[in-house]
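So you can see what is in the structure, the chains are spelled out below.
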Amino acid sequence: MKADGRPLRDATLLTQLGREPGRHHGIVNPPVYRASTVLARSVAEHESRRTHEGITYGRAGTPTTRYLEEAIAGIERGHRTMVVGSGKAACVLTLAALTKSGDHVLVVDNVYGPTRRFCERVLRRFGVEVEYFDPRIGAGIAERLRPNTRLVFLESPGSLTFEMQDVPAIAEVCRRRGVLTAMDNTWATPLFFRPLEHGVDISIQAVTKYIGGHSDLVMGAVTTGPEIHLEVREGIYEFGAPAGPDDCWLALRGLRTLAARLERHQRSALEIATWLQGRPEVSRVLYPALPDHPDHALWKRDFRGATSLFGVVLKPCPMEAVHAMVDGLELFGIGASWGGYESLVLVAHPERLRTAVPWRGEGPLLRLHVGLEDPEDLKADLEAGFARLRRAAGA
Ligand SMILES: *Cc1c(COP(=O)(O)O)cnc(C)c1O
């Protein structure tokens with residue numbers, strides 16, 4: 001906020017938040033503070049420390065961590081952010097911090113696979129009941145809530161299949177019934193959707209993806225409003241899984257260019273998604289920014305933009321033909337994660353995960369991440385891939 005009360009816009013905030021040149025010899029970026037031990041000046045000071053909040057011990061973070069947390073909280077319009085060692089940790093430690101044996105948790109059916117695996121392998125073992133729900137349930141979530149429902153976990157658009165949720169409708173029902181909501185908002189980033197402004201209690205980011213932006217770090221962030229901040233922070237602190245200070249510094253560096261990168265990611269993704277829709281080998285493109293996506297209206301109502309990760313359902317063809325296409329791509333690397341400057345492709349298998357609404361694709365599903373390359377080069381790479389696909393399919 002400027003002195004005249006005018007709030008700064010996101011692109012400006014990204015250049016201002018989480019740095020104090022005046023405290024560092026005028027140097028633009030804060031330094032990396034690495035620490036385990038933090039010395040106290042007296043026994044009394046040492047004994048009165050609140051370890052999860054202050055600069056008290058390396059596990060609780062250093063000033064570098066705090067600069068990043070401040071910056072993310074600022075662009076999320078949250079009260080506080082806590083960064084942890086991975087995006088997965090941000091998701092699952094939130095679940096673990098807020099639930100106990102006997103609680104019931106509702107998780108969206110298109111949730112990120114590793115988050116789902118934690119629910120199956122760990123939460124259930126600790127006596128938490130987990131159920132999955134149709135991403136398009138909307139206010140119908142009311143009928144799935146039970147007296148012991150503690151938390152509803154959202155991700156919109158969800159992983160691999162990109163159905164959207166009516167987040168404000170779900171959050172409102174939950175708020176009325178005293179049920180917490182958490183949302184994995186990695187796809188949109190706080191620039192294109194801010195969960196807390198739509199009634200969600202906890203906003204989660206895999207910093208690894210667009211905030212990091214350069215495929216060189218793994219980190220997660222959990223942002224909350226003032227009401228739940230302490231409970232979440234203390235709960236997560238118990239797991240002892242901090243983000244390292246060097247990674248925090250890299251994430252801050254990534255954050256500075258997030259708005260500029262997302263603008264380009266968005267433009268190229270829309271161009272390539274639209275181009276793919278016209279390809280004879282493609283059955284559908286799963287990208288909410290496309291006008292004929294079934295959830296386009298929700299996306300348009302709630303989101304400020306679309307990032308560059310989407311699905312491509314091919315027309316039925318042999319898997320060997322898909323391998324021939326993907327293996328030969330030169331600019332799209334085959335790899336997990338996304339949000340970096342380079343384009344990526346994966347053959348995705350949501351049918352192995354889904355239970356509430358089984359996935360039935362007409363043909364194989366590709367997940368594309370459109371990087372910062374020139375889109376003409378990317379189209380040429382895909383075009384050559386489609387030629388290999390047709391040849392291998394004998395078409
Ligand atoms: C990648 C990803 C995560 C996990 O992030 P990591 O840092 O790889 O653990 C969580 N949620 C979503 C939606 C993701 O795509």
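Residues numbered from 1 in each chain as written. Predicted model: local features only at pLDDT ≥ 70, side-chain atom pairs only at ≥ 80, totals over all residues. Heavy atoms only, no water.

Engineer: When you look at the site of the ligand in this model, what are you seeing that I'm missing?
Structural biologist: Taken together, 13 residues lie around the ligand, and Gly87, Lys88, Asp184, Thr208 and Lys209 are the ones closest in. Contact between the ligand and aspartate 184: a nitrogen atom at 2.6 Å from a side-chain N or O atom of the residue. Threonine 208 is positioned with one of its side-chain polar atoms (N or O) 2.5 Å from an oxygen atom of the ligand. Here the ligand, which alone exposes 380 Å², has 89% of that area covered by the protein. Classifying every residue of the shell around the ligand gives 4 nonpolar, 5 polar and 4 charged. (Near = heavy atom within 4 Å. Polar contact = N/O pair within 3.5 Å; in protein donor to acceptor, adjacent residues only side chain to side chain. Areas by Shrake-Rupley, 256 points an atom, 1.4 Å probe, with all protein chains shown as cover. Nonpolar A, V, L, I, M, F, W, Y, C, P; charged D, E, K, R; others polar.)

Engineer: Looking at this model, I keep getting lost on the side chain of glutamine 165. Mind explaining?
Structural biologist: Here glutamine 165 lies in the loop between β4 (149-155) and α6 (167-176). Looking at glutamine 165, its side chain comes within polar contact range of the main-chain oxygen of glutamate 155, at 2.5 Å. Once residues within four sequence positions are removed from consideration, glutamine 165 is found in contact with Val108, Asn110, Pro135, Leu154, Glu155, Ser156, Gly158, Ile170 and Leu298. (Helix = DSSP H or I, 4+ residues; strand = E, 2+ residues; numbered from the N terminus. Contact = heavy atoms within 4.5 Å.)

Engineer: How should I be thinking about empty space enclosed by the protein in this particular structure?
Structural biologist: With a probe scaled to a water molecule rolled over the atoms, the places where space remains empty come into view. Applying the stated criterion to the full structure yields 4 cavities of 30 Å³ or more. Roughly 110 Å³ of internal volume is contained in the largest cavity. If you go around the largest cavity, you meet 16 residues; those closest to its centre are Arg59, Met82, Val83, Tyr237 and Pro242. Residue composition of the lining of the largest cavity, grouped by class: 9 nonpolar, 4 polar and 3 charged. (1 Å grid on protein atoms, 1.4 Å probe; cavity = no way out; pocket = protein on both sides within 12 Å on 5 of 7 lines; lining within 4 Å. Points joined across faces, edges and corners; volume = space filled by probe spheres on them.)

Engineer: Mind showing me how you'd approach the packing of aromatic side chains here?
Structural biologist: Evaluated as defined, the whole model comprises 5 aromatic pairs. When the ring of phenylalanine 193 is compared with that of phenylalanine 303, the centres are 4.4 Å apart and the planes differ by 15°; the resulting orientation is stacked. With phenylalanine 193 in the loop between α7 (189-192) and β6 (202-206) and phenylalanine 303 in the loop between α11 (296-302) and β9 (309-314), this residue pair connects regions lying 110 residues apart in the sequence. Given the relative accessible area of 0%, phenylalanine 193 is considered buried. (Phe/Tyr/Trp six-rings, centres within 6.5 Å; stacked < 30°, edge-to-face > 60°. Buried < 20%, exposed > 50% of the residue type's maximum accessible area, 1.4 Å probe, protein only.)

Engineer: Can you help me understand the nonpolar core in this one?
Structural biologist: Across soluble globular proteins, you tend to see nonpolar side chains buried next to one another. The biggest cluster of nonpolar side chains holds 118 residues, and the ones touching the most others in it are Val152, Trp187, Leu276, Tyr287 and Phe310. By residue number, the principal contributor to this core is helix α4 (residues 87-98), which donates 9 residues. (Core = buried A, V, L, I, M, F, W, Y, C linked by side-chain atoms within 4.5 Å.)

Engineer: Could you clarify how one ought to interpret the sheet that holds β9 in this entry?
Structural biologist: Whether parallel or antiparallel, the strands of a sheet pair through hydrogen bonds between backbone atoms. What the 5 strands build is an open sheet, ordered β8-β9-β12-β11-β10; its pairing is mixed. Whereas interior strands pair on both sides, the edge strands pair on one side only; in this sheet they are β8 (282-286) and β10 (333-334). Across 5 bridges, the pairing between β9 and strand β12 (residues 365-369) is antiparallel. Residue pairing across strands places phenylalanine 310 opposite leucine 368, the latter belonging to β12. (Pairing = 2+ DSSP bridges.)

Engineer: What am I meant to see in the packing of α4 against helix α8 (residues 229-237) here?
Structural biologist: Packed helices, taken two at a time, are described by the angle between their axes plus the distance between the axes. Running from N to C, α4 and α8 point in directions that differ by 105°, and their axes come no closer than 8 Å. The pairing of α4 with α8 is recorded here as roughly perpendicular in orientation. Contacts from Leu93, Thr94, Ala97 and Leu98 in α4 reach Glu231, Val232, Gly235 and Ile236 in α8. Looking at the contact of α4 with α8 residue by residue, the class counts come to 5 nonpolar, 2 polar and 1 charged. (Axes fitted to C-alpha atoms, helices over the stretch in contact; angles between N-to-C directions. Parallel < 35°, antiparallel > 145°, perpendicular 65-115°, else oblique.)

Engineer: Help me understand helix α12 (residues 319-327) in this model?
Structural biologist: Since one α-helical turn is 3.6 residues long, residues separated by three or four positions face the same way. When we look at burial in α12, the residues that qualify are Ala321, Val322, Met325 and Val326. What you see down the axis of α12 is that its buried residues fit within an arc of 130°, all on one side. Those residues of α12 that are exposed and angled more than 90 degrees off the buried face are Glu320 and Asp327. Where α12 is buried, its residues touch β9, β10, β11 (344-348), β12 and α13 (375-393). (Arc of directions from axis to C-beta.)

Engineer: Help me understand the side chain of asparagine 110 in this model?
Structural biologist: Structurally, the position occupied by asparagine 110 is in the loop between β2 (104-108) and α5 (113-123). Judged by relative accessible area, asparagine 110 falls into the buried class, the value being 1%. Not counting the four nearest positions on each side in its chain, asparagine 110 is found in contact with Pro135, Glu155, Gly158, Ser159, Thr161, Glu163, Gln165 and Arg354.

Engineer: What is the right way to look at the sheet that holds strand β3 (residues 129-133) in this model?
Structural biologist: With mixed pairing, the 7 strands of this open sheet are ordered in space as β1-β7-β6-β5-β4-β2-β3. Looking at strand neighbours, the two that pair on one side only are β1 (80-84) and β3, the edges of this open sheet. Adjacent strand axes in the sheet meet at a mean angle of 20°, parallel and antiparallel pairs treated alike. Pairing of β4 with strand β5 (residues 180-184), which is carried by 5 bridges, proceeds in the parallel orientation. The residue bridging leucine 151 from the neighbouring strand is leucine 180, located in β5. Sheet strands touched by α8: β1, β4, β6 and β7 (220-224). Its angle to β1, the strand with the most contacts, is close to 15°.

Engineer: Explain the state of the cysteines here, please?
Structural biologist: Any covalent bond linking the sulfur atoms of two cysteines counts as a disulfide. Taken as a whole and judged by the stated rule, the model has 0 disulfides. Take cysteine 91: it sits in no disulfide, and the sulfur closest to it among the cysteines is that of cysteine 119, at 9.5 Å. We classify cysteine 91 as buried; its relative accessible area is 2%. (Disulfide = S-S within 2.5 Å.)

Engineer: What am I meant to see in unusual backbone geometry here?
Structural biologist: Leave glycine aside and you will find that most residues have negative phi; peptide bonds, for their part, are mostly trans. With an omega of -10°, the peptide bond between serine 156 and proline 157 qualifies as cis. Mapped onto the fold, proline 157 is located in the loop between β4 and α6. At arginine 77, a residue that is not glycine, the phi angle is positive and equals roughly 55°. As for its placement among the helices and strands, arginine 77 is situated in the loop between α3 (63-76) and β1. Given the relative accessible area of 32%, arginine 77 is considered partly exposed.

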